[in-house]
Amino acid sequence: MEIIMAFVCGFLFMAAIYLILSRSLLRIIIGTGLLSHGAHLLILTMGSFKGSAPPVLADGVTDFVDPIPQALILTAIVISFGVTAFFLVLAYRAYQELKTDDMTLMKGSDDNE
């Protein structure tokens, strides 16, 4: 199962880097979202899978899963949601002002300085 997750993580990182290197601001935002999802999946995979083992230690349970990666992922999901919302608002405001989402056109020129 870890091999499949490693390939899925690699595919998510590949797609995210491709989108981040594009010109469109919306594609860059989607790429950062994919990058964070790939990181979440990587942390979950590194925490190892043990089938139906519970994530907490209770009385009489000898086989359990470490709950730290799950707590880290939950925190990272909330942070990535906030960052994505901020990026979307920033992109919307930039589109209102500049009437484009092309990063090469947003750079401006030296004539304005």
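Residues numbered from 1 in each chain as written. Predicted model: local features only at pLDDT ≥ 70, side-chain atom pairs only at ≥ 80, totals over all residues. Heavy atoms only, no water.

The UniProt entry lists residues 5–21, 28–49 and 69–92 under the feature "transmembrane region" (unreviewed entry), expressed in the numbering used here. Span residues 69–92 is 100% helix and 0% strand, its end C-alpha atoms 34 Å apart. (UniProt positions renumbered as here; feature names shortened; annotations may be inferred. Helix = DSSP H or I, 4+ residues; strand = E, 2+ residues; numbered from the N terminus.)

Our next topic: the side chain of Thr100. As for its position among the elements, Thr100 is in the loop between α3 (68–98) and α4 (103–106). Using a relative accessible area of 14% as the deciding quantity, one classes Thr100 as buried. Here the side chain of Thr100 touches Asp102 through a polar contact of 3.2 Å, landing on its backbone nitrogen. With residues up to four places along the chain from it excluded, the contact list for Thr100 reads Ala94, Tyr95, Leu105 and Met106. (Buried < 20%, exposed > 50% of the residue type's maximum accessible area, 1.4 Å probe, protein only. Polar contact = N/O pair within 3.5 Å; in protein donor to acceptor, adjacent residues only side chain to side chain. Contact = heavy atoms within 4.5 Å.)

An ideal rise of 1.5 Å per residue puts 27 Å on 19 residues; helix α1 (residues 2–20) measures up with 26 Å between its terminal C-alpha atoms. When we look at burial in α1, the residues that qualify are Met5, Cys9, Leu12, Ala15, Ala16 and Leu19. Summarising the axial view, the buried residues of α1 lie within an arc of 135°, below the 170-degree limit, and thus occupy one face. Facing away from the buried side of α1 by over 90 degrees, the exposed positions are Ile3, Phe7, Phe11, Met14 and Tyr18. The inward-facing, buried residues of α1 contact α2 (25–46). (Expected span 1.5 Å × (residues − 1). Arc of directions from axis to C-beta.)

With that settled, the discussion passes to the environment of Phe81. Relative to the assigned elements, Phe81 resides in helix α3. As for Phe81 and Gly33, which are separated by 48 residues in sequence, their C-alpha atoms are 8.4 Å apart.

Pairs may arise between side chains of opposite charge once their charged atoms sit close together. Counted by the stated rule, this structure contains 1 salt bridge. Across the pair Arg93 and Glu97 runs a salt bridge whose closest N-O atoms are separated by 3.1 Å. Linking Arg93 with Glu97, this pair stays in helix α3, spanning 4 residues, or about one helical turn. (Salt bridge = Lys/Arg side-chain N within 4 Å of Asp/Glu carboxyl O.)

Under the criterion given, the structure shown has 1 aromatic pair. Arranged with centres 6.3 Å apart and planes meeting at 45°, the rings of Phe86 and Phe87 form a pair that is tilted. Phe86 gets classed as exposed once you look at its relative accessible area, which sits at 53%. Take Phe87: its relative accessible area is 31%, and that puts it in the partly exposed class. (Phe/Tyr/Trp six-rings, centres within 6.5 Å; stacked < 30°, edge-to-face > 60°.)

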